[in-house]
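Close look at the chain arrangement
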Amino acid sequence: MFRYNYSEDVKSITSKPYKGSISITLIGTGELDHWKNKLGRKQQSWVKVNTFKGNVGEVLIFSTIEGGIDHIVAGKGAGDYSPWLFSRIAETLPEGSYHLKENLSEHDANFAAFGWAMADYKYDHYLKDKDTKSVILTVGDNCNLTRVKSWIRGTILARDLVNTPTCDMGPDDLALVAERLAKQFKAKIEITRGEELLIKGYNTIHTVGRAAEKEPCLIDIKWGNEKAPKITLVGKGVCFDTGGLDIKPSGAMVTMKKDMGGAAHVLGLGQMIMESGLDIRLRILIPAVENNIAGNAFRPGDIIKSYKGTTIEVGNTDAEGRLVLCDALALASEEIPELIIDFATLTGAARVALGTEVSPYFTNDSKLSAELLKLSENEYDPLWPLPLYLPYEKLLNSTLADINNIGSTGFGGAITAALFLKSFVTNDIPWVHLDVYAWNASAAAGKPKGGEAMGIRTVFEYLVKKYSK
Ligand code: BES
Ligand code: MN
Ligand code: ZN
């Protein structure tokens, strides 16, 4: 089973001063000569024999006469700070307690601490030998440790959920995680399971999930003051995507445990929002299913009556994400919240458009779009807008039902998927859809290969700015 202690403290960063803490001086390639010239002869020669140039990833240890570490000089390269610079430094350093000599701005100090702590992230749940190196950073008053720890807890919760293999992260496990989160923050939770989905009219969720051994469910969390502005998060919770009868080739299926990435994102974001006590009435909706194959699997050509009442022709059983999301979005729209945000590992086309690291977002609110773009850069959380280009709606036309779940051409696949979702968001509610990869394709400092949270820091900071108490 999945094990994760949500309230666990982040141990690699602290505000407690520690007497023996080792100082780190950051030197960029541009300031190398100036800095070197001020050193004594012995130290200059130490820099030289170590061929220290100030590049990112270089760490130079200056020892005491007794053989201990006196202080550290770390390269900062030619560019600006980024959290991943500090991940790199933390990964390279030997076990110990450190502090930064530099007086950083609050923004830089926060991201230095964030990057530092992310170097400590490992998904080692199934490993016998765990890496236990402890590299601790003592931060100064300029760092908002509460905020940073919130980013970290949200991020590692999302990563852990994505990384957990489907055998231990089915719809029922996802529901269990949601229940624990709700309990921790005294939120209300309602879970509609199996046949009950049909009784309540969530037919698309049941249809996609009915062939799996573990029954589908709809998770509905409500938290906060009922009178506060209502914000609703919706996350795609496809615990495994075989493609259904339109089965995926093995190369495309091998990472599909991550197809509940949207659910992992909204739970991680929910953790951040609830532990920060934002002044909103938060709702989290997760349709949790496995898109699997059995005799009772849904088929290409089937027509499903959605919760909204519109009928959907199944052009392809592998376009299941938009199917499970559409009933959740229609339900979300009923109470007319101030904003709906959905996260989903929805299309391969989004990856073709922007690659694996930049997540496209779609929104019907142009002011919000501009704000998200600006924030995302500030948060080192790359997002980019794509258009809800209405003329492409015709690509979703069906002659047998009100809409088809796939576009009639493969072109603009991320846009047609977003337009499909859009038709289930009613009442002109401001809405953002993020088509995330939820995965690091290769390892980098602070970002090991595997599950990744994308866009949740940006959305969180947007909400903090607008709804802090
Ligand atoms: N979960 C996939 C999308 C996906 C694939 C995200 C790979 C990230 C990486 C989704 O359910 C899917 O299969 N989409 C199809 C849609 C198509 C059948 C219209 C796709 O993108 O190929
Ligand atoms: Mn699919
Ligand atoms: Zn999918």
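Here the structure is shown first, and the text comes after it.
These lines cover the structure that appears in this document, whether it is placed above or below.

Conventions we followed
Residues numbered from 1 in each chain as written. Chains lettered and ligands numbered in written order. Predicted model: local features only at pLDDT ≥ 70, side-chain atom pairs only at ≥ 80, totals over all residues. Heavy atoms only, no water. Phe/Tyr/Trp six-rings, centres within 6.5 Å; stacked < 30°, edge-to-face > 60°. Helix = DSSP H or I, 4+ residues; strand = E, 2+ residues; numbered from the N terminus. Lys NZ or Arg CZ within 6 Å of the ring centre and 35° of its normal. Donors = N, O, S within 2.8 Å, 3.2 Å for Na, K, Ca; no water. Buried < 20%, exposed > 50% of the residue type's maximum accessible area, 1.4 Å probe, protein only. Patch = residues over 30% accessible without salt bridge, like charges linked within 9 Å, V, L, I, M, F, W, Y side chains within 5 Å. Areas by Shrake-Rupley, 256 points an atom, 1.4 Å probe, with all protein chains shown as cover. Salt bridge = Lys/Arg side-chain N within 4 Å of Asp/Glu carboxyl O. Lys, Arg positive; Asp, Glu negative; His and termini not counted. Charge placed at Lys NZ, Arg CZ, Asp CG, Glu CD.

**Here's the deal with the packing of aromatic side chains**
Counted according to the given criterion, the structure contains twelve aromatic pairs. Where Phe114 meets Trp151, the ring centres are 5.8 Å apart and the plane angle is 85°; that geometry is what we call edge-to-face. Separated by 37 residues along the polypeptide, Phe114 in helix α4 (residues 106-118) and Trp151 in helix α5 (residues 145-163) bring together distant segments of the chain. Clustering of aromatic rings is evident, with ring pairs tying together Trp84, Phe111, Phe114, Trp151 and Tyr380. A cation over a ring is seen here: Lys447 above Trp84, with NZ or CZ 4.5 Å from the ring centre.

**Some words on the coordination of the manganese ion (ligand 2)**
Any two of four tetrahedral donors ideally make an angle of 109.5 degrees at the metal, while pairs among six octahedral donors ideally make 90 or 180 degrees. Coordination of the manganese ion (ligand 2) by the protein comes from Asp241 (OD), Asp318 (O), Asp318 (OD) and Glu320 (OE), over a distance range of 2.0 to 2.2 Å. In primary sequence terms, the donor set of the manganese ion (ligand 2) follows D-x76-D-x1-E. Between the manganese ion (ligand 2) and the zinc ion (ligand 3), a spacing of 3.1 Å is present, and a bridge between the two is formed by Asp241. Here the residue Asp241 occupies a position in strand β10 (residues 237-241), and Glu320 occupies one in the loop between β13 (311-313) and α11 (321-334), the gap between them amounting to 79 residues. Using a relative accessible area of 2% as the deciding quantity, one classes Asp241 as buried. Classification of Glu320 as buried rests on a relative accessible area of 0%.

**Looking at a negative patch on the surface**
Judged by side-chain charge, Asp172, Glu195, Glu196 and Glu215 come together as a negatively charged surface patch. Mapped onto the elements, Glu196 comes out in helix α7 (residues 195-200).

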